[in-house]
Amino acid sequence: MTRRTLYEAPRVAPAPGEAVVTSTCGHNCGGRCVVNAHVRDGRIVKISTDPRRWTPEVPPLHACVRGFGQAERVHHPDRLLHPLRRTGPRGSGQFTRVSWDEALDEVARQMLRIRDAHGPAAILDCSRTGSLSMLHGRGVVQRLLHMFGGCTELWSNISAEAEVFAVRHTYGAKAEYKSAGREPVDYVNSRLIVMWGWSPADGTFGTGTLQYLQRAKRQGVRIVCVDPRVTRSSRMLADEHVFIRPSTDTAALVAMAYVIASEGLQEQAFLDRHVLGFDEAHLPPGASAGASYRSYLLGLSDGVRKTPEWAAEVTGIPATTLRRLALDFATSKPAALHCGYAPGRTLHGEQFHRAAYALAAMTGNVGIPGGNAGTSNGATGRCGIRALPAGPNPAGARVASPLLADLLARGRAGGYPADIRMIYSAAGDLFNQLPNVNKIIAAAGQLEFMVVHDHFVTPTARYADILLPATTFWERNDVHTPWAGAGHYAIFMRQAIPPVGECRNDLDICADLARRLGIAGYSDRTEDEWLRELTRDAIDDFDRFRERGVARLPAPEDAVAFAREIRDPERHPFSTPSGRIEIYSTTLAANPDPYGLGAIPPIPTWIPDGADPRYPLRLVTPKSRARTHSIHDNQPILSRADRDDVWVHPADAATRGIADGDRVRVFNDRGATFLPARVSDRIAPGVVSIKEGAWFTPGADGQDTRGCANVLTADRASPAGASPFNSCFVEVAPASTGARGPG
């Protein structure tokens, strides 16, 4: 039967005097939902969403509270309406209004001066994912800077680089992490789902994911959650919750693999046919004796048997629980391991994901209905829809994202490609969202120039020399695809209102700069022509797509990633060098330090992060339901959806004289922040939790006053370039005691 695209108009009929326009939030929010703007007299007066009831066959794309908060955002009284020039000290927030010509002339003059005097690598691109759609995303600045001669780029995925790396080295160079999982419609085919560091009820992880998990639970699928916190997902779904200490997840997975291997419960036929490196018989030529994963698990290579008792000391999970969970996972056919990004945001986060994929492979759960490769994404990807091409970076200067603070502070003296003289930032708030905020802020004083496109004076925008007012997604046209790579649909983001004030879209801003810089061919298409070009491989009726709003694209042939490779490995091998799932990575064996950030073993290995006795509590920084990273933090109505506080276990609170609701100081040697305590047994002993994304707001003494977690995190990177937000140690004290730490 011919599969075809269906076009839907997911909105109610307009009331008299209003128009209803379909779009989707253009942010990096975890969902890709329908948001409909109800417009009267050029103003959005209400937000609605897809009106259909949920069905598993064709689920509606229901918005979350942040989607409904878009009306508050677009017409916010603090919205930037005009170009601004800095008049006070950098970071003072003192600006004066200037014309677009004055602003862009100054930006162009500084770009030319800095490139010609110091080379293109002296310009740092700090643009990011605040605008994530296909045309009006960070690619507009990348394209401009690459055509200008290049720049220094922050290359690693801040949220998920550990998984990006692990997918590529385990499943192959052509494996894309957003399409390396399974479609949620397959959840009901599992007997057991283990949700490891993954809470779609908190952060959202694909539109409709939670509803499909609830459906699976209703149909008898057993669900286990492993997390330092009892999350909303755990409370709603879990048959069992397992507490774990942050950044020790690899040790727990390794111990589970030990139980399976030592009791002979692995799917040996699957391993023989599809997997490289589990045992000595399936190592590549040239690998040293004892280099297999099995030898590591049994202690044959290092003398340490990776028993549940060994892991219990590390993880805080009782040995009996680890053993039982391993046996359940090995004997429940099929079983699915769904790993979130958070356990990989550690100093050796790539080892967590590689150990998870090894466990999925050992049990024969990769590429089969009801199983999973170990990721939490879908199997669809972008459906063939492309983003604005940026082209190559002629400067070739790349730095792992979590090293921003050190890059700015030390430049060439720290071994980086250049001393950064200028920052260009669009749709980004990296001064707030990358580790060690105080170090970033101090180093920003060395900059010669900084330009920012944004909607508000964010913590990053406060440090700009020129601040340019950008349109929101409601004020331009664009296209978007499913965030989690699941669901095979696309949404046309139709412009609902004219640009407010003097706001301009990022593409037009960069095109105007390109003319001033003498760059030919930056943009030779209209907005409509670009969108037709970027969607031509997936959308067969663009005009109908634009008019109706949602394209339901044909479902993937298989609901589970790598089904083709498992079904027919001779014709469709994995895109690894061996053509197999590589528990033993031949690429890492040949080049163990691919980024110069530290060696990575060829097999998944537990590598401790190391503790700091001065700061005995481990910090985790989960998502807030009221924010998309730092977006929406200035919206008082939306903030009611999820309050900012620090979760503290009752035992830890008692020893520190902290009561529920007390204002406390959370600190380490990098900085401090203040916020109310939430004393709760929903967090593991020895662990505290602060939701990421609160705006850095220093008081008179320079200390943060509003719960900005990144004043506490370290500007280091894992060997794969991952951000180590959850490898962080702190202390907590009542604010009234005056207890102080450095910073």
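Worth saying up front: this structure is predicted, and the values here are computed from it rather than measured.

Draft legend 1. Focus on the pattern of salt bridges. Applying the stated criterion across every chain yields a total of 52 salt bridges. Among the salt bridges present, the one from Asp465 reaches Arg86, with a minimum N-O distance of 2.6 Å. Placement of Asp465 in the loop between β16 (449-454) and β17 (466-469) and of Arg86 in strand β5 (residues 84-86) is noted, with a sequence separation of 379 residues between them. According to the relative accessible area criterion, Arg86 is partly exposed, its value standing at 24%. Residues Arg97 and Glu502 are paired through a salt bridge, measuring 2.8 Å at the closest nitrogen-oxygen approach. One end of the pair, Arg97, is in strand β6 (residues 95-97); the other, Glu502, is in the loop between β19 (489-493) and α17 (506-517), with 405 residues separating them in the sequence. Owing to a relative accessible area of 53%, Arg97 belongs among the exposed residues under this scheme.

Draft legend 2. Spatial organisation of the sheet that holds strand β10 (residues 222-226). The strand order across the open sheet formed by four strands is β11-β10-β9-β13, and the pairing between neighbours is parallel. Strands at the two margins of the open sheet, each flanked by one partner only, are β11 (240-242) and β13 (335-339). The mean inter-strand angle of the sheet, taken between neighbouring strand axes irrespective of direction, is 15°. Bridging between strand β9 (residues 192-196) and β13 involves five bridges; their strand directions are parallel. Counted as the bridge partner of Leu192 is Ala335 from β13.

Draft legend 3. Highlighting the nonpolar core. Ranked by internal contacts, the top residues of the largest apolar core, which has 85 residues, are Tyr171, Trp196, Tyr293, Leu337, Val366, Phe562 and Ile581. Tallying contributions element by element places helix α8 (residues 249-262) first for this core, with eleven residues. In this structure, Phe562 is in contact with Tyr171, Ala175, Ala180, Val366, Gly367, Ala373 and Phe574, ignoring residues within four places of it in sequence. In terms of nonpolar packing, the next biggest core, distinct from the first, is built from 55 residues, Phe95, Ala400, Leu447 and Val648 among them.

Draft legend 4. Quick look at unusual backbone geometry. The peptide bond linking Lys333 to Pro334 adopts the cis configuration, its omega dihedral lying at -5°. Take Pro334: it is sitting in the loop between α12 (319-331) and β13. Non-glycine residue Asn436 carries a positive phi angle of around 65°. Residue position: Asn436 is located in the loop between α15 (430-433) and α16 (437-444). Even without a glycine there, the phi angle at His629 is positive, about 55°. Mapped onto the fold, His629 is located in the loop between β22 (617-620) and β23 (646-648).

Draft legend 5. Region of interest: the environment of Leu154. Structurally, the position occupied by Leu154 is in strand β8 (residues 152-154). Accessibility expressed as a relative area gives 1% for Leu154, which makes it buried. Sequence separation between Leu154 and His353 is 199 residues, and the spatial gap between their C-alpha atoms is 22 Å. Discounting chain neighbours no more than four positions away, the residues touching Leu154 are Leu124, Asp125, Cys126, Arg128, Arg138, Val399, Ala400, Ser401, Leu404, Leu407, Leu430 and Leu434.

Draft legend 6. Spatial organisation of the packing of helix α3 (residues 100-118) against α17. For the pair α3 and α17, the least separation of the axes is 10 Å and the interaxial angle reads 55°. It follows that α3 is oblique to α17 by the angle criterion. Crossing geometry of α3 relative to α17 is assigned as right-handed. Of α17, the residues touching α3 (which contributes Trp100, Asp101, Leu104, Asp105, Val107, Ala108, Met111 and Leu112) are Ile509, Asp512, Leu513, Arg516 and Leu517. The residue inventory of the contact of α3 with α17, partitioned by class, reads nine nonpolar, no polar and four charged.

Draft legend 7. Focus on the pairing of strand β3 (residues 35-40). Burial within β3 is extensive, with five of its six residues counted as buried. Pairing of strand β2 (residues 19-23) with β3 involves five bridges; the strand directions are antiparallel. Opposite Thr22, over in β3, you have Asn36 as the bridge partner. Bridge count between β3 and strand β4 (residues 43-48): five bridges; the pairing is antiparallel.

Draft legend 8. Focus on empty space enclosed by the protein. Following the criterion strictly, the structure yields four cavities of 30 Å³ or more and no others. Taken as a whole, the largest cavity holds about 570 Å³ of empty space. Along its surface, the largest cavity is lined by 39 residues, and Gly197, Ala342, Arg345, Pro622 and Lys623 are the ones closest to its centre. Each residue belonging to the lining of the largest cavity can be placed in one class, and the counts come to 15 nonpolar, 16 polar and eight charged. By volume, the second largest cavity amounts to about 90 Å³. Lining the second largest cavity are 14 residues, with Cys25, Cys29, Cys33, Cys64 and Gly67 sitting closest to its centre. Of the residues in the lining of the second largest cavity, the class split is five nonpolar, seven polar and two charged.

Draft legend 9. Seen up close, the packing of α8 against helix α11 (residues 308-315). One can describe the packing of α8 onto α11 by two numbers: an axis separation of 9 Å at closest approach and a directional angle of 170°. Between α8 and α11, the angle falls in the class roughly antiparallel. Facing Ala251, Ala252, Val254, Ala255, Tyr258 and Val259 of α8, the residues of α11 in contact are Pro308, Trp310, Ala311, Val314 and Thr315. For the contact of α8 with α11, the residue count by class is ten nonpolar, one polar and no charged.

Draft legend 10. Quick look at the confidence of the model for the chain. Across the chain, the average pLDDT comes to 96, with 99% of residues at or above 70. Within the model, pLDDT remains below 50 along residues 739-743, and this stretch shows 15 contacts once partners closer than five positions in the same chain are excluded.

Draft legend 11. Examining α8 more closely. With 14 residues, α8 should reach 20 Å at 1.5 Å per residue; the first-to-last C-alpha distance of 20 Å fits that figure. In terms of burial, α8 is a largely internal element, 13 of the 14 residues being buried. Gly264 sits one or two positions beyond α8 and adopts a positive phi of about 65°.

Draft legend 12. Spotlight on helix α4 (residues 139-147). Burial analysis of α4 places eight of its nine residues in the buried class, which makes it a mostly covered element. For α4, the complete set of buried residues consists of Gly139, Val140, Val141, Gln142, Arg143, Leu144, Leu145 and His146. Contacts made by the buried residues of α4 are with α3, β7 (123-125), β8, β15 (422-426), α17 and α18 (527-535). Among the residues trailing α4, Gly149 stands out with phi positive, at a value near 125°.

Reading the values: rules and limits
Residues numbered from 1 in each chain as written. Predicted model: local features only at pLDDT ≥ 70, side-chain atom pairs only at ≥ 80, totals over all residues. Heavy atoms only, no water. Salt bridge = Lys/Arg side-chain N within 4 Å of Asp/Glu carboxyl O. Helix = DSSP H or I, 4+ residues; strand = E, 2+ residues; numbered from the N terminus. Buried < 20%, exposed > 50% of the residue type's maximum accessible area, 1.4 Å probe, protein only. Pairing = 2+ DSSP bridges. Axes fitted to C-alpha atoms, helices over the stretch in contact; angles between N-to-C directions. Core = buried A, V, L, I, M, F, W, Y, C linked by side-chain atoms within 4.5 Å. Contact = heavy atoms within 4.5 Å. Parallel < 35°, antiparallel > 145°, perpendicular 65-115°, else oblique. Left-handed = near helix turned anticlockwise from the far one by under 90°. Nonpolar A, V, L, I, M, F, W, Y, C, P; charged D, E, K, R; others polar. 1 Å grid on protein atoms, 1.4 Å probe; cavity = no way out; pocket = protein on both sides within 12 Å on 5 of 7 lines; lining within 4 Å. Points joined across faces, edges and corners; volume = space filled by probe spheres on them. pLDDT = per-residue confidence, 0-100. Expected span 1.5 Å × (residues − 1).

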